[in-house]
Amino acid sequence: MLHVADRAEELGYSALYVAEGWGHDVSVLLAEIALRTSRIRIGTGVLNVWGRSAASIAMLATSLSELSGGRFVLGLGAGSPQLAEGLHGVAFRSPVHRLENVTREVRNLLDGGRLTSTIPGGSSPLKLAVRPTSDVPIQLAALGSNAVRLCGELADAWYPFLLPLSGLPDKIPLLKEGTARSRSNRSMPKIWPGIPAAISPDPKVAHELAWWWITFYLTSMGPLYANLLRDLGFEDAVAAVLAANKPLDAAGMPEFAEVLIDELTVSGNAETARAGLDRWYAAGAEMPVVVLPPNRSVEELDHALEALRPT
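Residues numbered from 1 in each chain as written. Predicted model: local features only at pLDDT ≥ 70, side-chain atom pairs only at ≥ 80, totals over all residues. Heavy atoms only, no water.

Peer 1: I'm lost on the sheet that holds strand S8 (residues 194-199) in this one. Help?
Peer 2: The pairing of strands in a sheet happens through backbone hydrogen bonds and is either parallel or antiparallel. If you walk across this open sheet you meet the 3 strands as S9-S8-S10, and the pairing is parallel. Both outer strands of the open sheet, strand S9 (266-268) and strand S10 (289-291), are each paired with one neighbouring strand and no more. If you compare each strand with its neighbour and ignore which way they point, the axes differ by 30° on average. Where S8 and S9 come together, 3 bridges link them in parallel fashion. Bridge assignment links Ala 198 to a residue of S9, and that residue is Ser 267. (Pairing = 2+ DSSP bridges. Helix = DSSP H or I, 4+ residues; strand = E, 2+ residues; numbered from the N terminus. Axes fitted to C-alpha atoms, helices over the stretch in contact; angles between N-to-C directions.)

Peer 1: It is not clear to me how the nonpolar core should be interpreted in this structure. Could you clarify?
Peer 2: For soluble globular proteins, the rule of thumb is that nonpolar side chains tend to be buried together. Ranked by internal contacts, the top residues of the largest apolar core, which has 100 residues, are Phe 72, Leu 74, Leu 76, Val 106 and Trp 158. Ignoring any residue separated from it by four or fewer positions in sequence, one finds Leu 76 in contact with Val 46, Leu 47, Val 49, Ile 57, Leu 99, Val 102, Thr 103, Gln 139, Leu 140 and Ala 141. (Core = buried A, V, L, I, M, F, W, Y, C linked by side-chain atoms within 4.5 Å. Buried < 20%, exposed > 50% of the residue type's maximum accessible area, 1.4 Å probe, protein only. Contact = heavy atoms within 4.5 Å.)

Peer 1: Help me understand the pairing of strand S1 (residues 15-18), please; the structure alone is not making it clear to me.
Peer 2: Two faces belong to every sheet, and in a regular strand the side chains alternate between them. Neither face of S1 is open: one carries Ala 15 and Tyr 17, the other Leu 16 and Val 18, and all of them are buried. Pairing of S1 with strand S2 (residues 41-44) involves 4 bridges; the strand directions are parallel. Its bridge partner lying in S2, Ala 15 is registered against Arg 41. Tracing the backbone out of S1, into helix H2 (residues 26-36) and back to the parallel element S2 gives a crossover that is right-handed. (Right-handed = clockwise from strand over helix to strand, strands pointing away.)

Peer 1: Quick question: what am I supposed to make of the side chain of Thr 62 here?
Peer 2: Mapped onto the elements of the fold, Thr 62 is located in helix H3 (residues 54-67). The class for Thr 62 is buried, based on a relative accessible area of 4%. Engagement of the side chain of Thr 62 in a polar contact is seen with the backbone oxygen of Ala 58, the distance being 2.9 Å. When near neighbours in sequence (up to four residues on either side) are disregarded, Thr 62 contacts Leu 110, Leu 128, Val 130, Arg 131 and Pro 132. (Polar contact = N/O pair within 3.5 Å; in protein donor to acceptor, adjacent residues only side chain to side chain.)

Peer 1: Sorry if this is basic, but what is going on with the layout of surface pockets here?
Peer 2: Unoccupied space between atoms shows up once a probe the size of one water molecule is rolled over them. Roughly 260 Å³ of volume is contained in the second largest pocket. Lining the second largest pocket are 13 residues, with Arg 107, Asp 111, Asp 135, Val 136 and Pro 137 sitting closest to its centre. Broken down by class, the residue content of the lining of the second largest pocket amounts to 5 nonpolar, 2 polar and 6 charged. (1 Å grid on protein atoms, 1.4 Å probe; cavity = no way out; pocket = protein on both sides within 12 Å on 5 of 7 lines; lining within 4 Å. Points joined across faces, edges and corners; volume = space filled by probe spheres on them. Nonpolar A, V, L, I, M, F, W, Y, C, P; charged D, E, K, R; others polar.)

Peer 1: What am I meant to see in the pattern of salt bridges here?
Peer 2: Opposite charge on two side chains makes pairing possible when the charged atoms of those side chains draw close. Counted by the stated rule, this structure contains 16 salt bridges. Here Glu 306 and Arg 7 are joined by a salt bridge, their closest N and O atoms 2.5 Å apart. Of this pair, Glu 306 sits in helix H13 (residues 298-307) while Arg 7 sits in helix H1 (residues 2-11); the two residues are 299 residues apart in sequence, bridging distant segments of the chain. The buried category is assigned to Arg 7, whose relative accessible area is 17%. Of the charged contacts, one joins Arg 104 and Glu 100 as a salt bridge, the two residues approaching to 3.0 Å between their closest N and O atoms. Within this pair, Arg 104 and its partner Glu 100 are both found in helix H5 (residues 95-110), separated by 4 residues, close to a single helical turn. (Salt bridge = Lys/Arg side-chain N within 4 Å of Asp/Glu carboxyl O.)

Peer 1: What exactly am I supposed to notice about unusual backbone geometry here?
Peer 2: In this chain, Gly 45 is followed by Val 46 through a cis amide linkage whose omega measures 0°. Topologically, Val 46 is positioned in the loop between S2 and strand S3 (47-48). The residue Ser 94 is not glycine, and still its phi comes out positive at about 45°. Along the chain, Ser 94 falls in the loop between helix H4 (81-86) and H5. Phi is positive for Asn 295, which is not a glycine, with a value near 60°. Within the secondary structure, Asn 295 is located in the loop between S10 and H13.

Peer 1: In this structure, what is going on with the environment of Ile 195? I would like to understand it.
Peer 2: With respect to the helices and strands, Ile 195 occurs in strand S8. Once you skip the residues sitting within four places of it in the chain, Ile 195 turns out to touch Leu 264, Thr 265, Val 266, Leu 277, Trp 280, Pro 288, Val 289, Val 290 and Val 291.

Peer 1: Got a minute to help me understand the packing of H1 against H13 in this structure?
Peer 2: The description of two helices packed together rests on the angle between their axes and the distance between the axes. The N-to-C vectors of H1 and H13 enclose an angle of 25°; their axes lie 11 Å apart at closest approach. Classed by the angle they form, the pair H1 and H13 counts as roughly parallel. Crossing of H1 against H13: the hand is right-handed. Every residue of H13 that contacts H1 at His 3, Val 4, Arg 7 and Leu 11 is listed here: Val 298, Leu 301, Asp 302, Leu 305 and Glu 306. (Parallel < 35°, antiparallel > 145°, perpendicular 65-115°, else oblique. Left-handed = near helix turned anticlockwise from the far one by under 90°.)

Read these as spatial facts, not as claims about activity.
Here it is as structure tokens:
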């Protein structure tokens, strides 16, 4: 991860986001990245709203904003049942409501307000003793209609992950609806979709990696992504992936499900991957966020970063 941070800054990338799952604490990683970089924007892409209180998230954002010289972006998302229940021991109920409450509370604390969701009859609410010296942008991971509207209302950027390319244009009006109901005269959020990368000079390797992304998220991360794809007309392709009930190799997938590679990933060699990014720009993305695969060699990650380096 630290190598990727160094290379991304050298190659001229705009931002580097680190996700938090069930491994490293993202704040520790980003603190080290902040100290070894000087230009690139850094952020959480994303931090789930079940594992920390709103106050601890606001303190994390304040500290990383100060440490990075104002380069920090706070990315929040509702995560998945597996993360909430399987790791943090919190029931995954009303995720959009939880995302809204945490986002509002974090924004309030960063703006100098006092905690509002206190215990009735308990101690007096506090405000942060240290506030960020520059604004901390908030980006929200949102896919469902209510969550996308919420993003339009509360966030500075929208970070949909694993949204089909063909589904992006139809979601943008929901962002506008949410922005219109905001009381703060906020501009419509920037559109920064997270797109899994499957890039290799070997077509077979790229193809297998693309299938890994698709099968892992459809079979291992709860029903959200499968339901979204069904709603957008990919019922047969989803059924083919779920029938095996496990991540599949590329040889095990039927031909008609290949459409998911084009819709959900940037894949292939450098030329085809760049063409894939161009399609996202044409669909309305202002800054496509290339999501690198886990557990790959430094050489493979370098190849992906070089292939998609900003021109």
